[in-house]
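Survey of secondary and tertiary structure
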Amino acid sequence: MISGILFGLGAATSQSLSYLFSRSFLSRHGSSLELMIIAHMIMALYSMVTLLFIPSWDIPPVSQFAFPMFLCTLFYIQGQFSFFMAIKHTEASRISPLLGLKIIVIAILSVSFFGGDLSLVQWLAVGLCLCGALLSNWSGGSLPLPGILWLLSACVGYSLSDIYIRATVDALGREHLIVSSITATALVYILCGLTSIPFLFFVPKGTIKKFKPAFPFATAWYGAMLLLFCCFAIIGPVYGNIVQAIRGIISILIGTILAHIGYAHLETKVPASTLARRVIAALMIMGAIIIFSRG
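Predicted model, so just to flag it, every value in this text is computed and none were measured. (Residues numbered from 1 in each chain as written. Predicted model: local features only at pLDDT ≥ 70, side-chain atom pairs only at ≥ 80, totals over all residues. Heavy atoms only, no water.)

Considering the layout of surface pockets
When its volume is computed, the largest pocket comes out at roughly 240 Å³. Lining of the largest pocket is provided by 15 residues; of these, S110, G116, D117, P237 and V238 occupy positions nearest its centre. When residues of the lining of the largest pocket are traced back to their parent elements, those giving at least two are α5 (102–113) and α10 (237–244). Broken down by element, the lining of the largest pocket gets its largest block of residues, three residues, from α10. (1 Å grid on protein atoms, 1.4 Å probe; cavity = no way out; pocket = protein on both sides within 12 Å on 5 of 7 lines; lining within 4 Å. Points joined across faces, edges and corners; volume = space filled by probe spheres on them. Helix = DSSP H or I, 4+ residues; strand = E, 2+ residues; numbered from the N terminus.)

Examining the nonpolar core
By size, the foremost hydrophobic cluster in this structure holds 73 residues, and its most contacted members are M43, F83, Y189, W221 and I242. Per element, the largest residue contribution to this core is 14 residues, and it comes from helix α9 (residues 211–235). (Core = buried A, V, L, I, M, F, W, Y, C linked by side-chain atoms within 4.5 Å. Buried < 20%, exposed > 50% of the residue type's maximum accessible area, 1.4 Å probe, protein only.)

Remarks on the pattern of salt bridges
Using the criterion set out here, one finds two salt bridges in the structure. Where E34 meets K210, a salt bridge forms, and the shortest distance between an N and an O atom there is 3.1 Å. Within this pair, whereas E34 is found in helix α2 (residues 32–51), its partner K210 is found in the loop between α8 (177–196) and α9, the two being separated by 176 residues in sequence. Taking the shortest distance from any N to any O, the salt bridge between D170 and R166 comes out at 3.6 Å. Taken together, the residues span about one helical turn, with D170 and R166 both in helix α7 (residues 145–172) at a distance of four residues. (Salt bridge = Lys/Arg side-chain N within 4 Å of Asp/Glu carboxyl O.)

Observations concerning α9
Under the 1.5 Å per step criterion, the end-to-end length of α9 is 35 Å for 25 residues, consistent within 8% with the ideal 36 Å. Helix geometry: α9 is bent most strongly at F217, by close to 25°. Just past α9, the residue G236 takes up positive phi, approximately 90°. (Expected span 1.5 Å × (residues − 1). Bend = angle between axes of the 7 residues up to and from the residue.)

A word on a nonpolar patch on the surface
Taken together, the side chains of L120, V121, L124 and I291 present a nonpolar region at the surface, about 370 Å² in accessible area. Ranked by residue count, the leading element in the nonpolar patch is helix α6 (residues 120–138), at three residues. On the secondary structure map, V121 appears in helix α6. Looking at V121, the relative accessible area reads 37%, which means it is partly exposed. (Patch = residues over 30% accessible without salt bridge, like charges linked within 9 Å, V, L, I, M, F, W, Y side chains within 5 Å. Areas by Shrake-Rupley, 256 points an atom, 1.4 Å probe, with all protein chains shown as cover.)

Comments concerning the state of the cysteines
Taken as a whole and judged by the stated rule, the model has zero disulfides. This cysteine, C192, is not joined by any disulfide, and C72 carries the nearest cysteine sulfur, 7.7 Å off. (Disulfide = S-S within 2.5 Å.)

Some details on the confidence of the model for the chain
Mean pLDDT over the chain works out to 80, with 81% of the residues at or above the 70 mark. The spread of mean pLDDT over the elements of the chain runs between helix α4 (residues 92–98), the lowest at 63, and α8, the highest at 93. (pLDDT = per-residue confidence, 0-100.)

What about the packing of aromatic side chains?
Following the criterion strictly, the structure yields seven aromatic pairs and no others. Judged by centre distance (5.2 Å) and plane angle (70°), the ring pair of Y76 and Y189 falls under edge-to-face. Here Y76, found in helix α3 (residues 62–86), pairs with Y189, found in helix α8; they are 113 residues apart in sequence, far enough to count as distant. Y189 sits in the buried class, given a relative accessible area of 1%. Seen in terms of ring centroids, F81 and W150 are 5.8 Å apart; in terms of plane orientation they differ by 85°. Their pairing is edge-to-face. Taken together, the residues span a long stretch of sequence, with F81 in helix α3 and W150 in helix α7 at a distance of 69 residues. With relative accessibility at 27%, the residue W150 sits in the partly exposed group. Joined through ring pairs, the aromatic side chains of Y46, Y76, Y189, F217, W221 and Y222 make up one cluster. (Phe/Tyr/Trp six-rings, centres within 6.5 Å; stacked < 30°, edge-to-face > 60°.)

A short note on the packing of α9 against α10
For the pair α9 and α10, the least separation of the axes is 7 Å and the interaxial angle reads 130°. It follows that α9 is oblique to α10 by the angle criterion. At the point where α9 passes α10, the crossing takes the right-handed sense. Contacts between α9 and α10 involve L228, C231, F232 and I235 from the first element and P237, Y239, G240, N241, V243 and Q244 from the second. Residue composition of the contact of α9 with α10, by class: seven nonpolar, three polar and no charged. (Axes fitted to C-alpha atoms, helices over the stretch in contact; angles between N-to-C directions. Parallel < 35°, antiparallel > 145°, perpendicular 65-115°, else oblique. Left-handed = near helix turned anticlockwise from the far one by under 90°. Contact = heavy atoms within 4.5 Å. Nonpolar A, V, L, I, M, F, W, Y, C, P; charged D, E, K, R; others polar.)

Put into structure tokens, the structure is as follows:
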């Protein structure tokens, strides 16, 4: 349990950094589609290197894990593209805490369609996490409608992908859980990279030259996913998402620092009262982590 929480906290930190790197790329170098294509081709290369360190006898027949891996990848691509579109409309430090809305989506999906079971106390934790996410949105003006719609699309896509992360790891075998988690991460991102190649024909010719500015995002995101797959494999997608919601605090802190040292293209300065409300919202999500674990 503790190791799963630690993996989740590490993933949250790396994800918070990746959000800023993605916003930096989008503000200076290109479109969401370009970043999606380039970053996933880079991560596919990382994944191939990762598999070199996985003993071949630890990987079962493809038929055993192909279906959940395909669904995991499909829903992830939907969520990722939607997220990139959302951060074109507002700062990463606002969108990141609002991804806490995933918790209510994934809880409902898990209980309704995937045989999950939550106690009353755990549902209270889910509700507290949701309240924290909503408070974060109210603390700094309303999001534009396109941002809200893309955010909701991202939440649904990410939630379904998270459920199939656990299914993919289970299909690979739980005897060596960390090895199966790392293998699942590599296989999913190789598939993402292969899926990205045909889209090179639909982007400007200069896109291939933007690999260098895309490396920071790709590196931070791939590191986050290695940790996230391990987290979900150990403590499950619902609890894992509650732990992940801590990225709200991390994003707020990073965003505040960047705004005050002059990186206005990444984050804008906010009043102290707004910052205080965002911190309270993030602390509510932290409380949800504690309540859920006790439930």
